[in-house]
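Architecture at a glance
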Amino acid sequence: MSDDRPEITRDEVAHLARLARLAVTDAELDLFAGQLEVILGSVARVSEVAAADIRPTSHAVPLENVYRVDEVRPSLPREAILAVAPAVEDDRFRVPQILGEEE
Amino acid sequence: MTELHQLSAADTAAAIAQGEASAVEVAHAHLDRIDRTDPAVGAFLHVDTEGALAAAAEIDRRRADGQPLGPLAGVPLAMKDVVVTHGVPTTSGSKILQGWIPPYDATITTRIKQAGLVMLGKTNMDEFAMGSSTENSAYQLTRNPWDLGRVPGGSSGGSSAAVAAFQAPLSIGTDTGGSIRQPAAVTGIVGHKPTYGAVSRYGLIAFSSSLDQAGPFGRTVLDTALLHQVMAGHDPCDATSIPQPGPDVVSAARQGARADLTGVRIGIVSQLTGASGGYQDGVLARFADAVALLRELGAEIVEVSCPHFDYALAAYYLIAPSECSSNLARFDAVRYGLRAGDDGQRSLEEVMSLTREQGFGAEVKRRIMIGTYALSSGYYDAYYGQAQKVRTLIAEDFRQAFTQTDVLISPTSPFVAFGIGERTADPMAMYVNDLCTLPASLAGTPAISVPCGLSDTEGPALPVGLQVMAPAMADDRCYRVGAAFEAAFTSRHGAVLDQIPDLGELAMAAAATKEGQR
């Protein structure tokens, strides 16, 4: 299956960049198209391993999901959080408009 | 006489405890060393002179009051900039966090403060820890103190360079695919990646959550173990933190220093010894010497095969980008960090896209897009899902190998430090630096890198690292074997770091070369 190389076009990069909220430039589209194709072609090797009945791993030591004790603890002070925010208004994060004019 | 900045962490703590030097004097000695050498090395993004001197003065006050002090009280430390530090700038090497002053401490920051360590400042790194040379930092290059024209490894290159340049006896790095071990190897120091879950990730700026693990750097195995002991332990703030106590790595390092490995079974992984991957001759020669020396110490050497290690690179470069594309979604220009293009007209989505375009560097964008691709509907099973299964197979290879061995060894990296700019144009050429370190990352198992000599096949004499890998929660074996090797090597050849060129002369030579090129 190693000939199953994904072809990454400029349009595909533009689509990925849109999904990832990256306003990439034209020059980057050209650069990344070539690089992503090489990288994805190389990592596609994982498909060579037959692993249908193998379970996935994400931790070295099996852990059980547990709920922590429901204790009330002080959170960080609001001023400390807002002091490092990019824009603040009336004690809240100020956010650019969410809905466009046409909506 | 040995100057204060040349002492090991253990000797520094002893000198302070016995009143031979004050913690403030020790801090000054290191801050002066940073002043003199960092214009050439570039290890630090931020030096916290005031904070360091205040922390040191507090240790001196506690000592004067007769309060008990920990085994590293007053010892200076350099912190990788991916670790959140209350009141001290933290950027993770990215422009998107330029000027951010965290309102809280990471758990490991709290732990080093409680242990009385003196944080000198924050060290340079590849942006969000993505890289193997520290060249992906948005701020500056860090130069290898062995040869200022070469990289210090990465992504924890500021932390490795600081310790190798005697700017700090200890530093903290993080290792996702090799980012502690590889920089330790190429700068001639010791670096350990703990078992995943042994050290809290609370307050590490996340890159790949199922792989990220913080760990210690030092110039000796014992120093590294002393810092490990301070960092490790269960933390309820990190859901992946292991709720059992870890092994006593300091005792293991002291036991190892007796240089007796009688009865210890050491496996050489045939997949990591140069059949493919472009290993340099000098690296393979030092590795062969290391094997011979371990045998002399009484170890039983066997060869083991771990066939799925050949898929580690592919699996890693799917898992890490996938998880990073998800983790870095938090940089949305709303709650912290940069906001670009907010002119009152643009929508949140446009502002977000402009901010991320401006705030992230090329490697970060590449990985976010790879991850976005690999996680997209229709591809998830073939890429991320399959890569997580490869992890299981790699872990199974380790389990098999550890039925007949106590530890596994390999070179830490196929290469010695390479030249600045040599590999930046080709992402895959950069990725193969992690060839030997990736299996332990994917299995979540511990591994240490200890210096095993110099190679001069690539020009100047440059350090080579020996990697020692152990089963999960058996970090003590890494320290025992590492310390035994270090003791035996040093008694025969002297410490590797003793051969580092004088930084003043290096800086002058570099300036002269630059002059000659004009």
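So, how was this worked out
All chains use their own residue numbering, which begins from 1 and follows the written sequence. The lettering of chains begins at A and the numbering of ligands begins at 1, in the order of writing. Per-residue local features are limited, in this predicted model, to residues with pLDDT of at least 70; the limit for side-chain atom pairs, both in listing and counting, is 80 or more; totals at the level of whole chains, interfaces and linings are taken over all residues. Runs of H or I in DSSP of at least four residues are treated as helices and runs of E of at least two as strands, each being numbered from the N terminus. Radius of gyration here is computed from C-alpha atoms only, and the compact-globule reference equals 2.2 Å multiplied by the residue count raised to the power 0.38. Counting other C-beta atoms within 10 Å of a residue's C-beta gives its exposure: the residue is buried at 20 or more, exposed at 12 or fewer, and partly exposed in between, where C-beta atoms are placed from the backbone. Whether two residues are in contact is decided by their C-beta atoms, placed from the backbone, lying within 7 Å. Amino acids are sorted into nonpolar (Ala, Val, Leu, Ile, Met, Phe, Trp, Tyr, Cys and Pro), charged (Asp, Glu, Lys and Arg) and polar (every other residue, Gly among them). A set of buried Ala, Val, Leu, Ile, Met, Phe, Trp, Tyr and Cys residues, joined to one another through C-beta atoms within 7 Å, is what we call a nonpolar core. In this analysis, strands are considered paired if DSSP registers two or more bridges between them. Inter-axis angles, ranging from 0 to 180 degrees, are taken between N-to-C directions of lines fitted to C-alpha atoms, where helices are fitted over the stretch in contact. Convention used here: angles under 35 degrees read as roughly parallel, angles over 145 as roughly antiparallel, angles from 65 to 115 as roughly perpendicular, and any remaining angle as oblique. Definitions for this section: a left-handed crossing has its near helix turned counterclockwise from the far helix by less than a right angle. A right-handed crossing has that turn clockwise. Under the convention used throughout, the expected extent of a helix is 1.5 Å for every residue step, that is, one less than its residue count. Here, the arc refers to the directions that run from the helix axis to the C-beta atoms. Every residue gets a pLDDT, meaning the predictor's confidence in that residue, from 0 to 100.

1. Concerning the overall build of chain B
When helices and strands are tallied, chain B shows 17 helices and eleven strands. Since a compact globule built from 518 residues should have a radius of gyration of about 24 Å, the 22 Å found for chain B is in line with a globular shape. Counting only C-alpha atoms, chain B reaches 70 × 60 × 55 Å along its principal axes. The proportion of buried residues among the 518 residues of chain B is 63%. The long-range fraction of contacts in chain B, counting pairs at least 24 apart against all pairs at least 6 apart in sequence, stands at 78%.

2. Things to note about the overall build of chain A
Secondary structure assignment for chain A yields three helices and two strands. Counting helices and strands in the order they occur from the N terminus, chain A gives α-α-α-β-β. By the compact-globule yardstick of 13 Å for 103 residues, chain A is too spread out, its C-alpha radius of gyration being 23 Å. Its C-alpha atoms give chain A principal-axis dimensions of about 55 × 45 × 25 Å. Relative to its 103 residues, chain A shows a buried fraction of 19%. Nonlocal contacts in chain A, meaning residues at least 24 apart in sequence, comprise 56% of its contacts between residues at least 6 apart.

3. A word on the interface of chain A and chain B
Many descriptions give the size of an interface as the accessible area lost when the pieces come together. Every contact between the two is made by 45 residues of chain A and, on the other side, 61 residues of chain B. Among the secondary structure elements, those contributing two or more residues to the side of chain A that touches chain B are α1 (10-19), α2 (26-43) and α3 (78-82) of chain A. If one sorts the elements of the side of chain A that touches chain B by residue count, α2 of chain A sits on top with eight residues. Class assignment of the residues belonging to the side of chain A that touches chain B gives a composition of 33 nonpolar, eight polar and four charged.

4. Focus: the environment of Q400 of chain B
Residue and element names in this part refer to chain B. Mapped onto the secondary structure, Q400 falls in helix α13 (residues 381-404). Q400 sits in the partly exposed class, given 14 other C-beta atoms within 10 Å. With 48 residues separating them in the primary sequence, Q400 and M352 have C-alpha atoms 48 Å apart.

5. Let's talk about the nonpolar core
Counting residues in each nonpolar core, the largest one holds 189 residues, and the members touching the most others are L77, V118, A315, L318, M369, V468 and F485 of chain B. It is helix α10 (residues 312-327) of chain B that provides the largest number of residues to this core, a total of ten residues. Excluding anything up to four places from it in sequence, L318 of chain B contacts V43 and V46 of chain A together with A374, Y383, Y384 and A387 of chain B.

6. A closer look at the sheet that holds strand β3 (residues 118-123) of chain B
Residue and element names in this part refer to chain B. Strands sit in the order β1-β3-β2-β4-β6-β5-β10-β11-β9-β7-β8 across an open sheet of eleven strands; the sheet is mixed. Each edge of the sheet is formed by a strand with only one pairing partner; in this case those strands are β1 (44-47) and β8 (300-304). Between one strand axis and the next, the sheet turns through 30° on average, direction left out of account. Running over the sheet, helix α3 (residues 49-64) touches β1, β2 (76-80) and β3 and is turned about 160° from β3.

7. A short note on the packing of α2 of chain A against α10 of chain B
Packing of α2 of chain A against α10 of chain B brings their axes to within 8 Å, and their N-to-C directions diverge by 125°. One element, α2 of chain A, and the other, α10 of chain B, form an angle in the oblique class. Where α2 of chain A approaches α10 of chain B, its residues I39, S42 and V43 of chain A are matched on the opposing element by A314, Y317 and L318 of chain B. Of the residues in the contact of α2 of chain A with α10 of chain B, the class split is five nonpolar, one polar and no charged.

8. What to know about the packing of helix α8 (residues 249-256) of chain B against helix α16 (residues 475-493) of chain B
Residues and elements named next belong to chain B. Across the interface, α8 lies against α16 with an axial gap of 7 Å and an inter-helix angle of 25°. As the angle between them shows, α8 and α16 are arranged roughly parallel. In this structure, the crossing between α8 and α16 has a hand that is right-handed. Contacts from V249, A252, A253, Q255 and G256 of α8 reach α16 at D475, D476, Y479, R480, V481, G482, A483 and A484. A per-class count over the contact of α8 with α16 returns seven nonpolar, three polar and three charged.

9. Structural notes on the environment of L297 of chain B
Residue and element names in this part refer to chain B. For L297, the position within the fold is in the loop between α9 (281-296) and β8. In sequence terms L297 and Q467 are 170 residues apart; their C-alpha atoms lie 17 Å from each other. Once residues lying within four places of it in the same chain are set aside, the contact partners of L297 are A259, D260, L261, A484 and A488.

10. Some words on α16 of chain B
Residues and elements named next belong to chain B. For α16, with 19 residues, the first-to-last C-alpha span of 27 Å sits near the 27 Å given by 1.5 Å per residue. Burial of α16 is extensive: 15 of the 19 residues sit out of reach of the surface. Taken from the residues just after α16, G494 is the one with a positive phi, measuring 85°.

11. Brief notes about α3 of chain B
All names here are of chain B. The end-to-end C-alpha distance of α3 is 22 Å, a good match for the 22 Å that 16 residues give at a rise of 1.5 Å each. Taken together, the buried positions of α3 are occupied by A52, A55, A56 and I59. Seen along its axis, α3 keeps its buried residues to an arc of 95°; they face one direction. Away from the buried face of α3 by more than 90 degrees, exposed residues E50, R61 and A64 are located. In the segment just after α3, G66 is the residue with positive phi, at about 80°.

12. Details of unusual backbone geometry
The omega angle of the peptide bond from G154 of chain B to S155 of chain B is 10°, so this bond is cis rather than trans. Positioned with a positive phi, D90 of chain A is a non-glycine residue whose angle comes to about 50°. Mapped onto the elements, D90 of chain A comes out in the loop between β1 (88-89) and β2 (92-93). Although it is not a glycine, A129 of chain B adopts a positive phi angle of roughly 70°. Here A129 of chain B lies in the loop between β3 and α5 (157-164). Accessibility expressed as a C-beta count within 10 Å gives 29 for A129 of chain B, which makes it buried.

13. Some points on the environment of A507 of chain B
All names here are of chain B. Along the chain, A507 turns up in helix α17 (residues 503-517). With 17 C-beta atoms packed within 10 Å, A507 lands in the partly exposed category. Each C-alpha atom of the pair A507 and L148 lies 7.2 Å from the other, and the pair is 359 residues apart in sequence. With sequence-adjacent residues up to four places away left out, A507 is seen in contact with A40 and L148.

14. Describing the confidence of the model for chain B
The predicted model of chain B averages 95 in pLDDT, with 98% of residues at 70 or higher. For this predicted complex, the interface score ipTM comes out at 0.92, while the overall pTM is 0.96.

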